[in-house]
Each structure stands twice: as C-alpha cells, then as structure tokens.
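These are the residues of each chain, in order.
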Amino acid sequence: MSKTHLGHRARKRFGQNFLHDTFVINDIVDAINPMPNEHLIEIGPGLAALTEPVCERIDHLTVVELDRDLADRLERHPFLSKKLTVHRGDALKTDFRQFVRDDQPLRVFGNLPYNISTPLIFHLLEHLDVIQDMHFMLQKEVVERLAAEHGSKAYGRISVSVQQACAVEFVLLVPPDAFTPPPKVESAVVRLVPYKESPYPVHDRKALHTICLMAFNQRRKTIRNNLKSILSDEQLRALDIDPDARPETLSVADFCRLANWYFENEPHRD
C-alpha cells in the first residue's frame, strides 16, 4: 500500500499512520460521543479521519497539530475550517489549560503517534483539573499497560500513575489494516476518565512519579534495593510493604502510601 494518502506522505519522524477504515472511525466517534456545546480538543488530527465525523456533531473543535503541511490543509479545508481552531505546536509542550473557556472542562481525543504516546499521557496527567475525559487510539501494548493489574508483566510506572488518577476502560481493538501505512502492531482505543475523588489519594503526583521511577527502574530487584536510598526495611514494613517484594507485585494503593510517606518525609522537595 502506498505511503501517500490523499496527497500527503506519512512522515516517519512524526510517527504518522493514517486511519481510513470507516467502520472503525464510526465506532471511535460513537465511543467519544461528542455533543454540541462541549469543548473538544483533538491531538494530531492528521488527515481529519476523526475530525470530520466529530465536526458533524459539534459546532467547534480545537486541534493540536505539529505537522505544518497538515495544519495548512486543515485551515484551508472547505467544510471544516469554519469549525476549527488549529493550534500549531507540539502536544508534549502544549499547556492545555489555555484552551479552557467559561470553566468548561476539556474532552481530549486523538489517534496518538506511537512514539510520543507514553510521555504525552504523563503530560496530560498534569492537566487533569481541566479535563473531563480522554479517548485515545494507542498501540495495543500501551493500552494493556495502562489497564494492567499488579502482578502482571505489563504492570509498571504508567499503570500506577494513570490508575491513581483515572478510571481506565478498554473501548475497542483496531487491526493494522485500518491504517495507511499499516503499522506492524495492533492498536486499541482506551477511555480515561479522571476521578473527581481518587480511590487512591496522593498528596502530590510528582512524588508518586518519583517513587514509581525509582521502584520500576530495575524491575528484577526488590523494593528494598530500589528504594534503599530513601526507606529502611523498618519503614517499609511500617507502611505494610514487604521489603523483599518485586515492584510489579505492589498495588496502586501501596505505591500511593509510599508516595505520601515520601512527600511528608523527604527534606529535599522544591
């Protein structure tokens, strides 16, 4: 299959794979369920496969697009241009709070490039106070990591961080032939809904990220070894953590207890 789609060549450096399967597109838009008067933000609209059907249901859409050619195309689009605000820039460096109007929360969606999906989700976790929900097409393996339960191989830093903050729901599986060019992996759509009150409260999400980075840095080592610079065996046991446990065996609640201890006791915070 040609890598040129509607006159635009997919760019490897942007991780571009363009969605073209109408049935899959309709299923995704139905899952998002965009309603008039809601404030939707699309990350990486590409060739507008999702943008067009979403715009059929709403009056205005903000899109974040890094590729200048695609941004130009959207701004000149005969049907969409009147409904779109095109924000030219890197979603990883974008402050999503700038898009808030009248205190209305944002509904964020997109077919995310595989090469930025994980850092982008971490970036969006810093904006949850203004986000109502998120729907993303991701590599299936990434969705499995987001939803993984402790004790599984897929469970890791992003599992803990996302599950602390959001309800995670698998929406649908997307085969490679739904894209041009077809990727070498399966994709899936996930729904992330930020908790109004998390079942796993933390004082500070940065402390949680720090603890997870340290804990999962060497997965085969014990929690004792990975956290020895900040916690003793006695302190771990006092938090009901087995010092001999491997990081993937600790629950989200366990990591949140560790993060809260770290926040309360670590003297070198900013």
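Computed from a predicted structure; not experimentally measured. (Residues numbered from 1 in each chain as written. Predicted model: local features only at pLDDT ≥ 70, side-chain atom pairs only at ≥ 80, totals over all residues. Heavy atoms only, no water.)

Considering the domain arrangement of the protein
For the protein, the assigned domains are domain 1 (4–194) and domain 2 (205–265). Relative placement of domain 1 and domain 2: their C-alpha centres are 32 Å apart. Contacts between domain 1 and domain 2 engage 15 residues on the former and 15 residues on the latter. Both faces combined, the contact of domain 1 with domain 2 buries some 1,200 Å², and carbon together with sulfur accounts for 64% of it. For the pair domain 1 and domain 2, the interface holds zero salt bridges. Our count for the domain 1 to domain 2 interface comes out at seven residue pairs in polar contact (both at pLDDT 80 or more). For the side of domain 1 that touches domain 2, the elements supplying multiple residues, two or more each, are helix 4 (117–125) and helix 6 (157–165). Examining the composition of the side of domain 1 that touches domain 2, we find that six residues originate from one element, helix 6, more than from any other. (Domains from an automatic or database assignment. Contact = heavy atoms within 4.5 Å. Buried area = accessible area lost by both parts, 1.4 Å probe. Salt bridge = Lys/Arg side-chain N within 4 Å of Asp/Glu carboxyl O. Polar contact = N/O pair within 3.5 Å; in protein donor to acceptor, adjacent residues only side chain to side chain. Helix = DSSP H or I, 4+ residues; strand = E, 2+ residues; numbered from the N terminus.)

Remarks on the pattern of salt bridges
Tallied over the entire structure, the rule returns twelve salt bridges. Linking E75 and R88 is a salt bridge whose minimum nitrogen-to-oxygen distance equals 2.9 Å. Residue E75 is found in helix 3 (residues 68–75), and its partner R88 is found in strand 6 (residues 84–88); the two are separated by 13 residues along the sequence. Taking the relative accessible area as the measure of exposure, E75 reaches 41% and is therefore partly exposed. When salt bridges with common partners are traced through the structure, they connect E38, R107 and D133 into a single cluster. (Buried < 20%, exposed > 50% of the residue type's maximum accessible area, 1.4 Å probe, protein only.)

So, the nonpolar core
In terms of nonpolar packing, the biggest core is built from 31 residues, with I43, F96, M134, F136 and L138 touching the most fellow members. Elements represented by at least two residues in this core include exactly strand 4 (39–43), strand 7 (106–111), helix 4, strand 8 (131–139), helix 5 (140–147), helix 6 and strand 11 (187–194). Of the residues forming this core, the biggest block, five residues, is contributed by helix 4. If near-sequence neighbours (up to four positions away) are discounted, M134 is found in contact with V108, L124, L128, C166, V190, R191 and L192. (Core = buried A, V, L, I, M, F, W, Y, C linked by side-chain atoms within 4.5 Å.)

A look at the environment of T222
Among the secondary structure elements, T222 is positioned in the loop between helix 7 (205–216) and helix 8 (223–226). Apart from residues no more than four positions distant in its own chain, T222 is found in contact with P243, D244 and A245.

Section: the side chain of R191
If you trace the backbone, R191 turns up in strand 11. A relative accessible area of 17% means that R191 is categorised as buried. In terms of polar contacts, R191 uses its side chain to reach the backbone carbonyl oxygen of A31, at 3.0 Å. Within polar-contact distance, the side chain of R191 engages the side chain of H135 at 2.8 Å. Not counting residues up to four positions away in its chain, the partners in contact with R191 are A31, M134, H135, A167, V168, E169 and V171.

Details of the pairing of strand 5 (residues 61–65)
When you tally the buried positions in strand 5, you get five out of five residues, the bulk of the element. The two faces of strand 5 match: L61, V63 and E65 on one face and T62 and V64 on the other face are all buried. One ladder, built from four bridges, connects strand 4 with strand 5; its direction is parallel. Paired with I41 across the strands is T62, a residue of strand 5. (Pairing = 2+ DSSP bridges.)

Considerations on the UniProt feature "domain: Ribosomal RNA adenine methylase transferase N-terminal" (unreviewed entry) in the protein
Under the present numbering, the feature "domain: Ribosomal RNA adenine methylase transferase N-terminal" (unreviewed entry) in UniProt falls on residues 24–196. In the segment residues 24–196, helix accounts for 28% and strand for 28%; the C-alpha atoms at its two ends are 30 Å apart. (UniProt positions renumbered as here; feature names shortened; annotations may be inferred.)

Side note on the packing of aromatic side chains
For the coordinates displayed, the defined rule picks out three aromatic pairs. Measuring from centroid to centroid gives 5.8 Å for F96 and F99, while their planes differ by 75°, and the two rings are edge-to-face. You can call F99 buried: its relative accessible area is 7%. Ring pairing ties together the aromatic residues Y155, F216 and F255, which thus form one cluster. (Phe/Tyr/Trp six-rings, centres within 6.5 Å; stacked < 30°, edge-to-face > 60°.)

Things to note about the confidence of the model for the protein
Per-chain confidence: the protein averages 91 in pLDDT, with 93% of residues scoring 70 or above. Low pLDDT, under 50, characterises residues 1–15; the predicted model gives this stretch 37 contacts beyond four residues in sequence or across chains. (pLDDT = per-residue confidence, 0-100.)

What about the packing of helix 7 against helix 10 (residues 252–265)?
Describing two packed helices takes the angle between their axes plus the distance from one axis to the other. Where helix 7 meets helix 10, the axes come as close as 8 Å, and the angle between the chain directions of the two elements is 115°. One element, helix 7, and the other, helix 10, form an angle in the roughly perpendicular class. Viewed along their axes, helix 7 and helix 10 form a crossing whose handedness is right-handed. Listed contacts from helix 10 to A207, L208, T210, I211, C212, A215 and F216 of helix 7 are F255, C256, L258, A259, Y262 and F263. (Axes fitted to C-alpha atoms, helices over the stretch in contact; angles between N-to-C directions. Parallel < 35°, antiparallel > 145°, perpendicular 65-115°, else oblique. Left-handed = near helix turned anticlockwise from the far one by under 90°.)

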